[in-house]
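Architecture and fold: a report
Residues per chain, in single letters:
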Protein chains: 2
Amino acid sequence: MVECALRLLDEVGLPDLSMRRLASELDVQPSALYWHFVNKQSLLAAVADRILDAVPEPDADWTVAATARAIRDALLAYRDGAEVVMSTYALRLGARRAQAALVASLGGAGTDAATADAAFEFILGHVTLLQQRMHAQSIGAVDADAADPTANADEVFEAGVAAFAALSASRRRV
Amino acid sequence: MVECALRLLDEVGLPDLSMRRLASELDVQPSALYWHFVNKQSLLAAVADRILDAVPEPDADWTVAATARAIRDALLAYRDGAEVVMSTYALRLGARRAQAALVASLGGAGTDAATADAAFEFILGHVTLLQQRMHAQSIGAVDADAADPTANADEVFEAGVAAFAALSASRRRV
DNA sequence: ACCTGAACACCGTTCAAGT
DNA sequence: ACCTGAACACCGTTCAAGT
């Protein structure tokens, strides 16, 4: 059922992922879904967890850049993946996993927890905006003369990662 | 009319900011709104621009930290402010203003544009998550024994800002 | 344990018609 | 130029009742 929701998300996007549509995809009445999940929020939280399952276990041998890229790629693997994770982040059902991976890469606990959180917030913001632009582009709701907005996404991402990696390196020197 | 939408947003939050509700607040039929805006998206884009109007003009004398804080505070000034800006960011109707301010603070054009974009993505991600947690808390949809999730938000924000400020400083040294 | 059927209180958007 | 009235095709969620 979460699998079906994940597949549907990738097909139609978050705005069109409705309980009714998911139900009909499962050949079931909409009300049937509420035996399995109390509401749509918790269904989406389960979907968000599944998306972040692709992030590898925390490992201190990974660089911040590598971990950041792994998280980014997990979010990019499904349409509107970042927005789903963001919208259910408050419930903290998954996410910890990704943050733990970042903490490990930053090389230490304690003082680096805040930096890991900040790095995670950057990644989520980055990918959400990127996926939004991808959608706007597919709709054609963008100036035709404007340059492909997703073209320099990698450059921006690397700039952000470089900032956090530099901070991490300077701390290690201390 | 945008003013009314802004006020309503702050009162009821983004999920409850419907065209129908806004219409009734204006003592008008819902269909009347569509003479002024083609759809809800463009109405929200206008609201997003209004939110970012509070960000000061680009000024090279401002530090990255100061500019970042100004943007954060503009987003925090209205309920769900960051989410509104994110959801309409693809259209690029405002946002440029905030990014220009960051570019100026980073002290230069060209090579720092990507860093400014990354910093902006961090701020948006940070505040979106913060406001989401604030909402979850007001609903009580969070473990009662968990520590106030907004408590260390400042620390996380400063850690992120420090990362971008450090990168900017090291570039200046070159 | 798991699902149906029917209802409740909503949505965004369109469009002829009014003034 | 600006708004109404009525409709269309949807929503999330609840709850008695079925099996």
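Anyway, here's the lowdown on the structure attached to this text. (Residues numbered from 1 in each chain as written. Chains lettered and ligands numbered in written order. Predicted model: local features only at pLDDT ≥ 70, side-chain atom pairs only at ≥ 80, totals over all residues. Heavy atoms only, no water.)

**Details of the protein's contact with DNA strand D**
Selection rule: Consider each residue's heavy atoms; a residue with any of them within 4 Å of a molecule or strand counts as near. By the criterion applied in these results, polar contacts are pairs of N or O atoms within 3.5 Å in which, for protein atoms, one can donate a hydrogen and the other can accept it, and in which residues neighboring in sequence qualify only through two side-chain atoms. Helix and strand definitions here come from DSSP, where helices need a minimum of 4 consecutive H or I residues and strands a minimum of 2 consecutive E residues; each element is numbered from the N-terminal end. When residues are grouped by polarity, Ala, Val, Leu, Ile, Met, Phe, Trp, Tyr, Cys and Pro land in nonpolar, Asp, Glu, Lys and Arg in charged, and all others, Gly among them, in polar.
In the vicinity of DNA strand D lie 14 residues, with Arg 20 of chain A together with Gln 29, Ser 31, Trp 35 and His 36 of chain B positioned nearest. Taking all atoms of DNA strand D within 4 Å of the protein, the share assigned to sugar and phosphate is 49%. Arg 20 of chain A places a side-chain nitrogen or oxygen 2.5 Å from a base nitrogen of DNA strand D. Contacts to DNA strand D include Ser 31 of chain B, whose side-chain N or O atom sits 2.7 Å from a base oxygen. When residues of the surface near DNA strand D are traced back to their parent elements, those giving at least two are helix H2 (19–25) of chain A together with helix H3 (33–36) of chain B. Partitioning the surface near DNA strand D into residue classes produces five nonpolar, six polar and three charged.

**Some details on the packing of aromatic side chains**
Defined as follows: Centres within 6.5 Å are what make two rings of Phe, Tyr or Trp a pair, Trp counting through its six-membered ring; a difference in plane orientation under 30 degrees is then read as stacked, over 60 as edge-to-face, and the rest as tilted. Relative accessibility decides the category of a residue: with a 1.4 Å probe and only protein chains considered, values under 20% of the type maximum give buried, values over 50% give exposed, and everything between is partly exposed. The criterion for a charge sitting over a ring is simple: Lys NZ or Arg CZ within 6 Å of the ring centre, and within 35 degrees of the ring normal.
Counted under the stated rule, the structure contains nine aromatic pairs over all chains. Relative to Phe 164 of chain B, the ring of Phe 122 of chain A has its centre 6.3 Å away and its plane inclined at 70°; by these criteria the two rings are edge-to-face. In this pair, Phe 122 of chain A is assigned in helix H8 (residues 113–139) and Phe 164 of chain B in helix H9 (residues 153–173), connecting two distinct chains. Here Phe 122 of chain A and Phe 164 of chain B have matching classes, each one buried. Through successive ring pairs, a cluster of aromatic residues spans Phe 122, Phe 157 and Phe 164 of chain A together with Phe 122, Phe 157 and Phe 164 of chain B. Geometry around Phe 157 of chain A places Arg 72 of chain A over its ring, the cationic atom sitting 4.4 Å from the centre.

**Some points on the environment of Arg 20 of chain A**
Residue and element names in this part refer to chain A. Secondary-structure assignment places Arg 20 in helix H2. According to the relative accessible area criterion, Arg 20 is exposed, its value standing at 66%. With 118 residues separating them along the chain, Arg 20 and Ser 138 place their C-alpha atoms 25 Å apart.

**Concerning the interface of chain B and chain A**
Many authors give the size of an interface as the accessible area that is lost as the parts come together. The following threshold applies: We call two residues contacting when some pair of their heavy atoms lies within 4.5 Å. Accessible area that two parts lose when put together, with a 1.4 Å probe and added across both, is what the buried area reports. The salt bridge definition used is simple: a Lys or Arg side-chain nitrogen within 4 Å of an Asp or Glu carboxyl oxygen.
On the side of chain A, 33 residues touch chain B, which itself brings 33 residues to the contact. Taken as a group, Met 86, Glu 121 and Leu 129 of chain B account for 23% of the area that chain B buries against chain A, more than any other trio of residues on that side. Scanning the region where chain B abuts chain A turns up two salt bridges. Where Glu 121 of chain A meets Arg 133 of chain B, a salt bridge forms, and the shortest distance between an N and an O atom there is 3.6 Å. Connecting chain B to chain A are two residue pairs in polar contact (both at pLDDT 80 or more). For the side of chain B that touches chain A, the secondary-structure elements that each account for two or more residues are helix H6 (81–88), helix H8 (113–139) and H9 of chain B. Ranked by the residues each element gives to the side of chain B that touches chain A, the list is headed by H8 of chain B, at 14 residues.

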